[in-house]
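As a plain string of letters, each chain reads:
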Amino acid sequence: FARVTIPVLQRWKGEGRRVVMTTAYDAVTARIADPVVDIILVGDSVGNVCLGFDNTLPVSMAMMNHHLEAVARTKPHALLVADMPFLSFHLSPEETIRNAGGFLQRGADAVKLEGGAKRVEIVRALVDCEIPVMGHLGLTPQSVNVMGGFKVQGRNADNALRLLDDAHCLQEAGCFALVLEGIPAELAARATKSLTIPTIGIGAGPNCSGQVLVFHDVLGLTESHRPKFVRTYVEGFPLLQEALSRWAADVRNGAFPTPQESYRLPEGLSDAIAN
Ligand code: KIV
Ligand code: NA
């Protein structure tokens, strides 16, 4: 596989080739995803998906680095994007550059951060340091307290126009792509058409340059409520649990392990240890 790079993604936008992105949080999920997708995101969704938090706000740089390092060790062909967690890009340009640069030193190809026009300055600062930035607009989960829950955004004229303005500000600031999350399909289509950079939708309708879904949602590994924009291709949770149960039953009834699944002493030695 030739590596997916930012110029390649830009070319695909011109060709109308759709981009596929999913999340990975460790070496196993990365190895499953990499031959299939174009972009792997080590998302701060690791907080709710893997670490048991209710939202992404408690996710720290230390947690992100730990998961990014595991994914990066698999050397994916996909573009590897690391998500800037809450408070990692808010305090100062210096701290933001250190955090984002640390992601690149750990093997990320780019970083992603949430927010619109108010992030322009920090996006420029990162791009000035040769750190590629993916923007993220709409239902931005780190804004859960401001939004009053996980609610579709851009549904009135003011918010819709602000989102389009935010998208153009981020493009102007140097973002190479934008995630559009939880917005009306018409608004995502409008943004995609008017921008030169690719858009990657999640709950943003079909007319984006590509789509992203959380790995565990596609594979049915999440037990909690799934929003309507998720399509699950296998109910992985009950499937894997059923397989594990069969092994547990075999242990309990003595059917596992068999002699074929066991090691033997060399000829003669079994007598020696019998005494
Ligand atoms: O953290 C995440 O998984 C994300 C994607 C859903 C875009 O930000
Ligand atoms: Na995220």
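Please read these numbers as outputs of a predicted model, since none were measured by experiment.

Draft legend 1. Region of the structure containing the overall build of the protein chain. Counting its regular elements, the protein chain contains twelve helices and eight strands. The proportion of buried residues among the 275 residues of the protein chain is 41%. Sequence-distant contacts, at least 24 apart, represent 58% of the contacts inside the protein chain between residues at least 6 apart.

Draft legend 2. Structural detail: the pairing of strand β7 (residues 199–202). Side chains Thr199 and Gly201 of β7 all project onto a buried face; the interleaved residues Ile200 and Ile202 project onto the opposite face, where all are buried too. Across four bridges, the pairing between strand β6 (residues 177–181) and β7 is parallel. Counterpart to Val179 in the pairing with β7 is Ile200. In this view, the connection linking β6 to its parallel neighbour β7 by way of helix α9 (residues 185–194) has right-handed handedness. Pairing between β7 and strand β8 (residues 210–213): two bridges, direction parallel. The residue of β8 that forms the bridge with Gly201 is Gln211.

Draft legend 3. Representation of the site of ligand 1 in the model. In the vicinity of ligand 1, the contacting residues are Thr23, Leu41, Gly43, Asp44, Ser45, Asp83, Val179, Ile202, Val212 and Val214. Looking at the shell around ligand 1 residue by residue, the classes come out as five nonpolar, three polar and two charged.

Draft legend 4. Broad picture of the pairing of strand β2 (residues 39–42). Residues Ile39 and Leu41 line one face of β2 and the alternating positions Ile40 and Val42 line the opposite face, and both faces are buried. Relative to β2, strand β1 (residues 19–23) runs parallel, the two sharing three bridges. Within the sheet, the bridge partner assigned to Thr23 lies in β2 and is Leu41. In the classification by handedness, the crossover that spans β1, the intervening helix α2 (residues 27–33) and the parallel β2 is right-handed.

Draft legend 5. Broad picture of the UniProt feature "binding site: 3-methyl-2-oxobutanoate" (unreviewed entry) in the protein chain. Mapped onto this numbering, the UniProt entry gives "binding site: 3-methyl-2-oxobutanoate" (unreviewed entry) at Asp44, Ser45, Asp83 and Lys112. Annotated residues spanning 69 residues; largest pairwise C-alpha distance 12.4 Å, indicating a single compact cluster. Aside from chain neighbours lying at most four places away, what touches Asp44 is Thr56, Val59, Met64, Asp83 and Pro85. Mapping Ser45 onto the fold places it in the loop between β2 and α3 (46–49). Ignoring sequence-local partners within four residues, the contact set of Ser45 consists of Thr23, Thr56 and Val214.

Draft legend 6. Structural view of the UniProt feature "active site" (unreviewed entry) in the protein chain. Those residues carrying the UniProt feature "active site" (unreviewed entry) are Glu181 in this numbering. Structurally, the position occupied by Glu181 is in strand β6. Non-local contacts of Glu181, meaning those with residues more than four positions away in its chain, are made with His136, Gly138, Leu139, Thr140, Ile202, Gly203 and Ala204.

Draft legend 7. Molecular detail of unusual backbone geometry. Following Phe256, the chain continues into Pro257 via a peptide bond in cis, with omega recorded as 0 degrees. Structurally, the position occupied by Pro257 is in the loop between α11 (236–253) and α12 (269–274). Phi is positive for Leu87, close to 75 degrees, though the residue is something other than glycine. As for its placement among the helices and strands, Leu87 is situated in the loop between β3 (79–83) and α5 (93–105). Take Leu87: there are 14 C-beta atoms within 10 Å of it, and that puts it in the partly exposed class.

How each quantity is defined
Residues numbered from 1 in each chain as written. Chains lettered and ligands numbered in written order. Predicted model: local features only at pLDDT ≥ 70, side-chain atom pairs only at ≥ 80, totals over all residues. Helix = DSSP H or I, 4+ residues; strand = E, 2+ residues; numbered from the N terminus. Buried ≥ 20, exposed ≤ 12 C-beta atoms within 10 Å, placed from the backbone. Contact = placed C-beta atoms within 7 Å. Pairing = 2+ DSSP bridges. Right-handed = clockwise from strand over helix to strand, strands pointing away. Near = placed C-beta within 6 Å. Nonpolar A, V, L, I, M, F, W, Y, C, P; charged D, E, K, R; others polar. UniProt positions renumbered as here; feature names shortened; annotations may be inferred.

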